[in-house]
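Summary of structural features
What follows is the residue order along each chain.
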Amino acid sequence: MATTTNTNVVESTPARTSLRPRFGWLGDRALATLFIAPTMVLLLAIAIFPLIWSLFLSFNKFSIIKDAAKGPVWIGLANYGSLLTDGDVWARFGTTARFVISSVAIEFLVGFALALLLNRNFKGRGVIMTLMLVPMMLSPLIVALFWGYMYRPDAGVIDYYIHNVFGLPAVLWLTDLRTAMWALVIVDVWQWTPFIMLIALAGLSAVPQYLYEAAEVDRASGWFKFWNITLPLVTPLLLIAVLFRSMDAYKMFDQAYALTGGGPNHTTEVLSIYLYQMAFRDFNTGKGSALGYIMLVVIIALANLLIRVLNQLRADSR
Amino acid sequence: MLNFGSRRFWHMVGEVLFWAGLSAAFVFFMFPLYWMLITSIKARTEVTLLPPTYFPYIDFRPVLDNYLAVFTKASELGSISVSTTSRNVEISTFPGILLNSIVIGGSTTVLAVVLGTLAAYAFSRFRIRGEGDLLFFILSTRMLPPIVVLIPIFLMFIAVNLRDSYIGITLLYITTGLPFVVWMMKGFFDDIPKEYEEAAMIDGYSRLDAIWKIVIPEALPAMLATAVFVLITAWNEFVFVQILNPSKATTVPPFLYGIIGYGQIEWGRMAATSVVFLLPIVIFTFLVRNHLLRGVTFGAVRR
């Protein structure tokens, strides 16, 4: 090895020096700046600057339509005050929490169960795994539109089975107060369970086989092996998956927008729909910015909390 | 005789439950996909027919009318497959919109991956003051719910006249893609030994030469995998285009929403449009499926 490197140096040095390395005058320091600058400039201009602007607007009375000529008027904390004392806002937080908790919980249970099922060798495993990935690749909007077709009470295939085949009372999925939220949860579960499954499978395949073999020697039951070997080792990874999913479910917009538009009677009006209507239907730009900031603070707090729990669990499992 | 206490009996019960669970899951997850494909080749009268039909050539006759309706203006007249002679063969607006999706998605992907890879390389190889803070800052921009930043971006784009333009939405998508590229590629660069470039630099390569000739070829598979995720995000995005580019540089998702939005709902045409729109992504995804896991978890899971 050493000799080959040596000959390389001997052979290539004269050729290279005669060519003079291109841009040799660019030092590492300059390169570092040059490489990072475009990314930072874009993030500052298109992510951070708008956020600062929106923070400013949240302290103003401003409507892009009505006050376009007049400009924003400073009202201090009045937007935040009126939002936080508004029962509607709290109700939307409740709706969002209901959506996030029910969809992530079901995705977690089904996804983990599926990973346990798929965590063995059998014919067709590869095909099933690959096909299960397709839902994740689809546009959430298209998924929602298509489920809308399947949910239809007159021509939808789901209700055909419920009503005509099994003889149960027909379900008006998207317009019934009791089922509208579940209709959205089912769509989310359909699209994102494979995500949890994928991560859980990665975790399961990383559990060292010798642990099971040792337990086998001690005649441990399957249940014991699951609780004492599998679960503790997979939990940290599963929590990452739950963290990602919860943050995404909190942002959910497309599905509710396309399927229910927040109805019936606000039962599916999650925060992002509520904010959208405030800012782009009623054009309450200032108040909308304030609500955006409240949403932001809540998500950052929750993410930090989840990350802390995650680190705690990781430390415990070591 | 069945022996209920025997190991074999319980093994068989396990097998049955295993296949039952797997089949149930398979049907639940695959049925909508199958249904979309089937709907796209059904005749207009067949689409809303109950009881539904399931198998082409067996209980219904597959037709390509819906695909024709995607690309031509025929279906907008509502007379498709009735009289072939009077069929209007003008090209529909869809190809143009698909082209928008391709242009915006393509340039977003190339630029985000190139810029992000450079930054990731710098973070991985050079000493940078406050590196941890910068990286966390980059990641944190990813947490923002899009609807929250939409208000100020909407105002900003109006102010600088970027609304309804290709440049505006592309810059926005690049910015949403960048944190992901930086984090993913930094992980990959951290895994490539430094010694490769150092050896090349001893041989007289400049740092840029070493990056171009040694590092980039090594990182190319990772860059492609990352690119697919950036493309999927930009390709599927809805709310930003819907608000920022309502008419000119609009993409397929808002177009599809429009099909459903007003008038008579043509589910067959909608399904066919979706299939055409999904095809590129599905193909790309299958090509890089081995890198998928790392991608969906933002690099948190390593293989």
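None of the values given here were measured: they were computed from a predicted structure. (Residues numbered from 1 in each chain as written. Chains lettered and ligands numbered in written order. Predicted model: local features only at pLDDT ≥ 70, side-chain atom pairs only at ≥ 80, totals over all residues.)

Secondary structure assignment for chain A yields 13 helices and two strands. For a compact globule of 318 residues, the expected C-alpha radius of gyration is about 20 Å, and chain A comes in at 27 Å, more than 25% above that figure. Expressed as lengths along the three principal axes of its C-alpha atoms, the size of chain A is roughly 80 × 70 × 40 Å. Considering chain A as a whole, with its 318 residues, one finds that 36% of them fall into the buried category. (Helix = DSSP H or I, 4+ residues; strand = E, 2+ residues; numbered from the N terminus. Rg over C-alpha atoms; globule rule 2.2 N^0.38 Å. Buried ≥ 20, exposed ≤ 12 C-beta atoms within 10 Å, placed from the backbone.)

Turning our attention to the overall build of chain B. Each helix and strand in chain B was counted, giving 13 helices and zero strands. Taken from the N to the C terminus, the helices and strands of chain B come in the order α-α-α-α-α-α-α-α-α-α-α-α-α. Taken across its 303 residues, chain B has 42% of its residues classed as buried. At a minimum sequence separation of 6, the contacts of chain B that also span at least 24 residues come to 69%. (Contact = placed C-beta atoms within 7 Å.)

Reports of interface size often rely on the accessible area that becomes lost once the parts have come together. Domain parsing of chain A yields domain 1 (29–54) and domain 2 (86–317). Spacing between the C-alpha centres of domain 1 of chain A and domain 2 of chain A amounts to 33 Å. (Domains from an automatic or database assignment.)

A separate point is the interface of chain A and chain B. Each partner contributes residues to the interface: chain A has 79 residues there, and chain B has 75 residues. A breakdown of the residues in the side of chain A that touches chain B according to their chemical character gives 59 nonpolar, 15 polar and five charged. (Nonpolar A, V, L, I, M, F, W, Y, C, P; charged D, E, K, R; others polar.)

All names here are of chain B. If you check helix 1 (residues 7–40), its first and last C-alpha atoms are 49 Å apart, about what 34 residues at 1.5 Å a residue would give, namely 50 Å. A maximum bend of about 40° is found in helix 1 at methionine 30, where proline proline 32 lies one to four positions downstream. Along helix 1, the residues classified as buried are Ala25, Phe29, Pro32, Met36, Thr39 and Ser40. (Expected span 1.5 Å × (residues − 1). Bend = angle between axes of the 7 residues up to and from the residue.)

Residues and elements named next belong to chain B. For chain B, per-residue confidence averages 83 on the pLDDT scale, and 87% of positions sit at 70 or higher. Looking across chain B, the model is least confident in helix 13 (residues 292–296), with a mean pLDDT of 62, and most confident in helix 4 (residues 94–125), with 93. In the model, residues 79–83 has pLDDT below 50 throughout and makes eight contacts with residues more than four positions away in sequence or in other chains. As a predicted assembly, this complex carries a pTM of 0.86 together with an ipTM value of 0.85. (pLDDT = per-residue confidence, 0-100.)

All names here are of chain A. Secondary-structure assignment places valine 100 in helix 4 (residues 87–118). Exposure remark for valine 100: the 22 C-beta atoms within 10 Å place this residue in the buried category. Taking the C-alpha atoms as reference points, valine 100 and tyrosine 274, 174 residues apart in sequence, are found 16 Å from one another.

Residue and element names in this part refer to chain B. The contact between helix 9 (residues 207–236) and helix 12 (residues 267–287) brings their axes to 10 Å, and the two run at 160°. Of the possible angle classes, the one that applies to helix 9 and helix 12 is roughly antiparallel. Considering how the two elements wind past one another, helix 9 and helix 12 form a crossing that is left-handed. In this structure, helix 9 uses Val228, Leu231, Ile232 and Trp235 to contact helix 12, whose residues at the interface are Ile281, Phe284 and Thr285. Tallied by class, residues from the contact of helix 9 with helix 12 come to six nonpolar, one polar and no charged. (Axes fitted to C-alpha atoms, helices over the stretch in contact; angles between N-to-C directions. Parallel < 35°, antiparallel > 145°, perpendicular 65-115°, else oblique. Left-handed = near helix turned anticlockwise from the far one by under 90°.)

Residue and element names in this part refer to chain A. It is the contact of helix 4 with helix 8 (residues 180–205), at a shortest axis distance of 6 Å, that shows an interaxial angle of 40°. The orientation of helix 4 relative to helix 8 falls into the category oblique. For the element pair helix 4 and helix 8, the recorded crossing hand is right-handed. Considering only residue class, the contact of helix 4 with helix 8 consists of 18 nonpolar, four polar and three charged.

Glancing now at unusual backbone geometry. Each neighbour pair has its own omega, and for glycine 263 of chain A with proline 264 of chain A the value is -10°, a cis peptide bond. Secondary-structure assignment places proline 264 of chain A in the loop between helix 11 (254–259) and helix 12 (271–280). For histidine 266 of chain A, which is not glycine, the phi dihedral falls at a positive 65°. Turning to its location among the elements, histidine 266 of chain A is positioned in the loop between helix 11 and helix 12. The backbone of asparagine 161 of chain B shows a phi angle near 65°, a positive value even though the residue is not glycine. With respect to the helices, strands and loops of the structure, asparagine 161 of chain B is situated in the loop between helix 6 (146–159) and helix 7 (166–191).

On to the environment of alanine 119 of chain B. Within the fold, alanine 119 of chain B resides in helix 4. Given 26 C-beta atoms within a 10 Å radius, alanine 119 of chain B is considered buried. A C-alpha to C-alpha distance of 9.4 Å links alanine 119 of chain B and leucine 178 of chain B, two positions 59 residues apart in sequence. In this view, alanine 119 of chain B contacts Phe35, Ile36 and Thr39 of chain A together with Val182 of chain B; residues no more than four positions away in its chain are not counted.

Residues and elements named next belong to chain A. Overall, the prediction assigns chain A a mean pLDDT of 85, with 91% of residues at 70 or greater. Of all helices and strands in chain A, the one with the weakest mean pLDDT is helix 1 (residues 2–19) (43), whereas helix 4 scores best (94). Overall, residues 1–19 carries pLDDT values under 50, and its contacts beyond four positions in sequence, including any with other chains, amount to eleven contacts.

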